[in-house]
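Coordinates in review
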Amino acid sequence: MNHLPLIIKREYITKVKNKSFIVMTFVSPLIMVALFAVVAYLSQLNNDKDRTIAVLDETGVLSDEFVNTEHTTYTILTDTNLETAKELTKAKEDFGLLYIQKSNDTLNIISEVQFFSDESPSIGIMTSLEKKIEKKLSDTKLFNNGVDIKQIEASETNITIAQETFTGEKTSKIDSYLKLAFGGAAGYLLFMFIIIYGNMIMRSVIEEKTSRIIEIIISSVKPIQLMMGKIIGTSLAGITQFAIWVLLGSVLMLVASAILGINLSELQTPQQEMMTEAMQNPEIANEIQLGLQSFFNLPIANLVIAFMFFFIGGFLLYSSLYAAVGAAVDNETDTQQFMMPILMPLILAVYVGIFTVIEDPHGTVSTVFSFIPFTSPVVMLMRIPFGVPIWQQVLSFAILVCTFVFTVWFAAKIYRVGILMYGKKPSYKELYKWIKY
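Summary of the structure given here. None of the values given here were measured: they were computed from a predicted structure.

Further remarks concern the nonpolar core. Counting 65 residues, the largest nonpolar core has Ile-194, Met-227, Phe-310, Val-378, Ile-384 and Ile-414 as its most contacted members. Listing elements by their share of this core, those giving two or more residues are helix H6 (173-210), helix H8 (223-260), helix H11 (300-328), helix H12 (336-357), helix H14 (376-383), helix H15 (390-418) and helix H16 (428-436). Per element, the largest residue contribution to this core is 15 residues, and it comes from H11. For Ile-414, the residues in contact, after removing those within four places along its chain, are Ala-324, Ala-328, Leu-431, Trp-434 and Ile-435.

Next up, the structure:
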């Protein structure tokens, strides 16, 4: 009699009714949203801080470059010396004093610029001040050498090579980044899912083994059915938990934004400010528009279907190994010697995907690793957005399924012996003997 559906149901209900599972399901989104909200709120407070910077320019040629911004005010000091300027700045509790010493040679100004402040200024502030001075000094050098700056600006030429496939589909450089982002997110999600819920399966097997419940269950259920039931039941519980995290996290994020008054669309970080400045460049804006167009031209149906198949196949493959490890040991401490061989292919897949797919998604290394079953779920998911022939996807998945079947058989051999073994730390030699039984 096939007891697999009953085992799946039992494992699923046991997991979702577990107090720690319920607590973590609802507490984890609260913690994550709270951390994000606090960071966003503090970042907003930090960015809203108004600063006044005093500028003492003894050269008299750089003062015009310091124009007030939304949160930074520049006070130009004149007819004073450095010591008086320092005292005045401290008395007014200004953020700092920028001192540009007088020099007869424009080249020497570079080494005669100092910034005085009580607290260490951020990299962003110092970079902004340096850029202002650099631009003015560069223009001054060119002017002193008899170079017409307007002619140089007029002669600057930016080239953007248009990309188009032989079928007439327009692409762009940003298109590659969008594809890499999708593939990377898919691969990373699978990696985290295996780590989190694979360990859950392993702990479940260890718990039942140490409580001796497994001895009663195994009398009426085949070991392979029990192992598959645990894998599938725990996987369904994990999917349920993940879905609740996404839904509850989204709702909590909106609530936290409303309570703390955080406008996520207006929250400005240094990276966002750089993106805003870049968007003002018509050429970059056009690139982004092409990238968005390319995103909508992606084979969404192929990506979603492939993601589901490779995600499920990869998770089941590694879950069977986690279940075998759980059956082989008596406690989690003894699992360390067996975890490294399982995690190494998974870690290798992530690094291969990141460092080879971005360079050449159709290269030899990327292609080979997308067919190796222990790395294909991650690498193939990263390659698919760049256009992988259907026959390669089917072949890779077929190899993955065959390997999963073999791994289940292999793991079941260990499982059926290991779940009844107590008080002895297994070695690789012992596991080999169990497989031969």
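Text resumes after the structure shown.
For helix H4 (residues 123-144), with 22 residues, the first-to-last C-alpha span of 31 Å sits near the 32 Å given by 1.5 Å per residue. Restricting attention to buried positions, one finds in H4 the residues Ile-125, Leu-129, Lys-132, Ile-133 and Leu-137. Seen end-on, H4 carries its buried residues on one side only, within an arc spanning 115°. In H4, those exposed residues whose orientation departs by more than 90 degrees from the buried face are Ile-123 and Lys-131. Next to the buried residues of H4 lie strand E1 (51-57), strand E2 (72-77), strand E3 (96-100) and strand E4 (113-116). Among the residues trailing H4, Gly-146 stands out with phi positive, at a value near 80°.

Let's shift gears to the packing of H11 against H15. At a minimum axis distance of 8 Å, the contact between H11 and H15 shows a crossing angle of 20°. Between H11 and H15, the interaxial angle falls into the category roughly parallel. In terms of crossing hand, the pair formed by H11 and H15 is left-handed. Classifying every residue of the contact of H11 with H15 by side-chain character gives 18 nonpolar, nine polar and no charged.

Here we come to the pattern of salt bridges. Evaluated as defined, the whole model comprises three salt bridges. Arg-10 is paired through a salt bridge with Glu-11; the nearest N and O atoms lie 2.8 Å apart. With a relative accessible area of 34%, Arg-10 lands in the partly exposed category. A relative accessible area of 1% means that Glu-11 is categorised as buried. Ionic pairing is found between Glu-11 and Lys-230, a salt bridge with its closest N-O pair at 2.9 Å. Here Lys-230 lies in helix H8 and Glu-11 lies in helix H1 (residues 4-17), a separation of 219 residues in the sequence. Side by side, Glu-11 and Lys-230 carry an identical accessibility label, which is buried.

Bringing the side chain of Lys-15 into the picture now. With respect to the element layout, Lys-15 can be found in helix H1. What makes Lys-15 buried here is its relative accessible area of 12%. When neighbours within four sequence positions are excluded, Lys-15 is seen to be in contact with Phe-21, Met-200, Ser-204, Thr-234 and Ala-237.

This brings us to the side chain of Ser-396. Considering the arrangement of structural elements, one finds Ser-396 in helix H15. Overall, the relative accessible area of 0% leaves Ser-396 in the buried class. Within the structure, Ser-396 has its side chain in polar contact with the backbone oxygen of Ser-370 (distance 2.6 Å). Beyond its immediate sequence surroundings of up to four residues, Ser-396 is in contact with Phe-310, Ser-370, Phe-371, Ser-376 and Met-380.

The next thing to look at is the packing of H12 against H14. Viewed as axis vectors pointing N to C, H12 and H14 meet at an angle of 20°, and their least axial separation amounts to 8 Å. In terms of orientation, H12 and H14 fall into the roughly parallel class. In this structure, H12 crosses over H14, and the sense of that crossing is right-handed. Within the contact between the two elements, H12 uses Leu-346, Ala-349, Val-350, Val-352, Gly-353, Ile-354 and Val-357 and H14 uses Val-378, Val-379, Met-382 and Arg-383.

Glancing now at the packing of aromatic side chains. What the rule picks out here adds up to 11 aromatic pairs. Ring centres of Phe-193 and Tyr-197 lie 4.6 Å apart, and the angle between their planes is 45°; this geometry places the pair in the tilted category. Remark: Tyr-197 and Phe-193 occur in helix H6; sequence separation between them is four residues, near one turn of the helix. The same class applies to Phe-193 and to Tyr-197, which are both buried.

Procedures and definitions
- Residues numbered from 1 in each chain as written.
- Predicted model: local features only at pLDDT ≥ 70, side-chain atom pairs only at ≥ 80, totals over all residues.
- Heavy atoms only, no water.
- Core = buried A, V, L, I, M, F, W, Y, C linked by side-chain atoms within 4.5 Å.
- Buried < 20%, exposed > 50% of the residue type's maximum accessible area, 1.4 Å probe, protein only.
- Helix = DSSP H or I, 4+ residues; strand = E, 2+ residues; numbered from the N terminus.
- Contact = heavy atoms within 4.5 Å.
- Expected span 1.5 Å × (residues − 1).
- Arc of directions from axis to C-beta.
- Axes fitted to C-alpha atoms, helices over the stretch in contact; angles between N-to-C directions.
- Parallel < 35°, antiparallel > 145°, perpendicular 65-115°, else oblique.
- Left-handed = near helix turned anticlockwise from the far one by under 90°.
- Nonpolar A, V, L, I, M, F, W, Y, C, P; charged D, E, K, R; others polar.
- Salt bridge = Lys/Arg side-chain N within 4 Å of Asp/Glu carboxyl O.
- Polar contact = N/O pair within 3.5 Å; in protein donor to acceptor, adjacent residues only side chain to side chain.
- Phe/Tyr/Trp six-rings, centres within 6.5 Å; stacked < 30°, edge-to-face > 60°.

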